[in-house]
Amino acid sequence: MSILTQKDFETVIGLEVHLQFSTRTKIFCGCENAFGKEPNTCVCPVCLGLPGTLPVLNKSALDSAIKTALALNCTVNSYIKFDRKNYYYPDLPKGYQISQFDFPIGHDGYLDILVNGNPKRIRIHRAHIEEDAGKLIHDNAEGCSLVDYNRTGTPLMEIVTEPDLRSPQEAYDYLTALKLALQYLDVSDCDMEKGSLRCDANISLRRAGETRLGTKTELKNMNSFKAVKAALEFEEMRQFRVLATGGTIVQETRLWNEDKQATFTMRTKEEAHDYRYFPEPDLVPFIVEDAEIERIRLTLPENPQAKCQRLQKDYGLSDYDATIIVQDRHLADFFEHCAKHSGKIKKIANWIIGPLLKELKDRRCSVKDLSLKPEQFVLLVEKVENGDLSNLAGKDILITLLEDGSKTVEDLIEKSGLSQVSDDALLESIADETLKEHADVVTQIKNGNHGAVGFLIGQAMKKSQGKGNPKKIKDIIQRRLFNA
Amino acid sequence: MITNTDLQYISALARMSLAEEELKPMAEDLSSILDYIAQLQKLDVTDIKPTSHVLPLKNVYRDDSIKPSLTQEKALSFAISKAKGAFKVPQIVDN
């Protein structure tokens, strides 16, 4: 028997993404849908599963779900119902989770992604809504678990792909594209650190050319997209080693261990899953009229891929610039506002991608959270481009504008005296003085040490107290040295 | 007739332990229910729409407005065991 290599196998991956909606209240009760509160303070008889209570669907949660399904190009079911998924686990106080079985919100959608620069369509099998479970904190030392039910009943959408992904990198690319598309919808903060976006992965290997699926394992407990990729890479190699040596894969759930960078069989006292789904008797069915679907479709924003294409077409941005700008919907909106006020679109884009994005990253916020006005930003960029302000002074003014939206560029230039000196006569006299003071350097330069020109420019800038237009100073000094 | 293996499986799912002498009567009861379902399954329902709910209601919604929650003390007041503001339960997953 020949020795098998990884090339003899094809990796098949499907992902299940859970998205928490940021509605004000939970899906079936009026408790606040909040993160980070004291344990068990956002709970009521309904979400604690007390006997005699009845769930009532939050209309906003349903609207968010339909919007998300439409954005993922799903067919939205006109008949929607809920089902009970039965299992005993302390994170579910009722002993069942209200979910959807045979009539989910949406099905048969897709998301187009780029794989090594080439478009690939990842099919979405289904997207359904359910209630999130509570949070368990395991205390190994005490041999017990602590349960916080604040999260119980948070509206959750589960987005399940077909097994269309062929590598851990593709899975990562899909997740990145999906997150961006979801962020545009404004239905969730998509924050993995807060658990608003979570991902489980199914992975199996099969011999190249085989069309039947191999036995899969389900991977859980990955807290970042990087962890998803790492867990899939580990599992891909583990399965390969088992299969290449004639072993068989056991269908099981495995937990990713971030510290050990490995997956381990989840040992649980729970027996085989048998969810015994049945229609939820406490909730009546929902009929979603076509007009309602169309109303929600009209609220869909332009998706990030379309926006990226359009920014290139309408404003002549490079693929690189447009790709960065569309990473934040509000930044893209800001760019478009600016572009309407200015002819210097490329410069605006540079200032957004450079200084502005740096400031936003440092502050860990979006441009929408600050009071920066597009007109003021445009004015600032133009002042720098015209030479009225140095680059450095421009950046200082930008920081002030970000911190105080009531300030204007004109005020700030006047107050700070940052206005750049472009007066030729003044700059010439500064240059001449500099050359006189450093006659030795001038001699060196004339003897061929051209590298010292930078030193003279630096000295002249210093003499102008940093306000001299550096380009003009450079021109003057070079003219004096080489053309005189 | 329902087997003892079936019974053990069902009782495990329901977290109910059945004593040896309870097995036979329970198997008989469950079997008679299944027999009744089997009778229903013989009916011709070709033209009848599946019913998931008996009430003639649809689209019962709630507005997304916040209602007061219980206090932590009240929420935990019926807990058998509690600690650090949380319900305390036996550990399920071994890490």
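Scoring rules and cut-offs
Residues numbered from 1 in each chain as written. Chains lettered and ligands numbered in written order. Predicted model: local features only at pLDDT ≥ 70, side-chain atom pairs only at ≥ 80, totals over all residues. Helix = DSSP H or I, 4+ residues; strand = E, 2+ residues; numbered from the N terminus. Rg over C-alpha atoms; globule rule 2.2 N^0.38 Å. Buried ≥ 20, exposed ≤ 12 C-beta atoms within 10 Å, placed from the backbone. Contact = placed C-beta atoms within 7 Å. Pairing = 2+ DSSP bridges. Right-handed = clockwise from strand over helix to strand, strands pointing away. Domains from an automatic or database assignment. Expected span 1.5 Å × (residues − 1). Nonpolar A, V, L, I, M, F, W, Y, C, P; charged D, E, K, R; others polar.

Caption draft 1: Representation of the overall build of chain A. In terms of helices and strands, chain A carries 15 helices and 18 strands. The C-alpha radius of gyration of chain A comes to 30 Å, more than 25% above the 23 Å expected for a compact globule of 484 residues. Considering chain A as a whole, with its 484 residues, one finds that 38% of them fall into the buried category. For chain A, the proportion of contacts with a sequence separation of at least 24, taken over those separated by at least 6, is 69%.

Caption draft 2: Fine view of the overall build of chain B. Scanning chain B from N- to C-terminus turns up three helices and four strands. Going residue by residue from the N terminus, the α and β elements of chain B occur as α-α-β-α-β-β-β. Over its C-alpha trace chain B gives a radius of gyration of 22 Å, far above what one expects of a compact globule, namely 12 Å for 95 residues. Along the first, second and third principal axes, the C-alpha atoms of chain B reach 55 × 45 × 25 Å.

Caption draft 3: Inspection of the pairing of strand β13 (residues 217-222) of chain A at higher detail. Residues and elements named next belong to chain A. Note: strand β12 (residues 197-207) against β13, four bridges, orientation antiparallel. Paired with C199 across the strands is M222, a residue of β13. Taken together, the three bridges between β13 and strand β14 (residues 253-257) define a ladder with parallel strand orientation. For K220, the partnering residue across the bridge sits in β14 and is L255. The parallel pair β13 and β14, bridged by helix α3 (residues 225-244), forms a crossover whose chirality is left-handed.

Caption draft 4: Spatial organisation of the sheet that holds strand β3 (residues 86-90) of chain B. The four strands lie next to each other as β9(A)-β10(A)-β3(B)-β2(B), forming an open sheet whose pairing is antiparallel. Edge positions in the sheet fall to β9 (135-139) of chain A together with β2 (82-83) of chain B, since each of these pairs with one other strand and no more. By the bridge criterion, four bridges tie strand β10 (residues 144-148) of chain A to β3(B) in an arrangement that is antiparallel. Residue pairing across strands places S145(A) opposite V89(B), the latter belonging to β3(B).

Caption draft 5: Fine view of the pairing of strand β7 (residues 106-115) of chain A. Residue and element names in this part refer to chain A. Sheet topology note: the strand β3 (residues 75-76)/β7 ladder contains two bridges and is antiparallel. By the bridge assignment for β7, V76 is matched with G106. In the sheet, β7 pairs with strand β8 (residues 118-131) via nine bridges, with the strands oriented antiparallel. Paired with V115 across the bridge in β8 is N118.

Caption draft 6: Region of interest: the domain arrangement of chain A. Once the domains are mapped, chain A shows domain 1 (9-295), domain 2 (304-416) and domain 3 (424-483). One C-alpha centre belongs to domain 1 of chain A, the other to domain 3 of chain A, and the line joining them spans 65 Å.

Caption draft 7: Geometry of helix α7 (residues 329-341) of chain A. Helix length check: α7(A) (13 residues) gives 19 Å between terminal C-alpha atoms against 18 Å at 1.5 Å per residue, within 8%. Looking at the buried positions of α7(A), the neighbouring elements they touch are α2 (168-185), α5 (304-315), α6 (319-325), α8 (345-363) and α9 (374-386) of chain A.

Caption draft 8: How the structure looks around the interface of chain B and chain A. Between chain B and chain A, the residue contacts involve 35 residues of the former and 43 residues of the latter. Taken together, the elements giving at least two residues each to the side of chain B that touches chain A come down to α1 (4-13), β1 (61-62), α3 (72-75), β3 and β4 (93-94) of chain B. Of the residues forming the side of chain B that touches chain A, the biggest block, five residues, is contributed by β3(B). Looking at the side of chain B that touches chain A residue by residue, the classes come out as 17 nonpolar, nine polar and nine charged. Across two bridges, strand β2 (residues 57-58) of chain A lies against β1(B) in parallel orientation. The partner of L57(A) across the bridge, within β1(B), is Y61(B).

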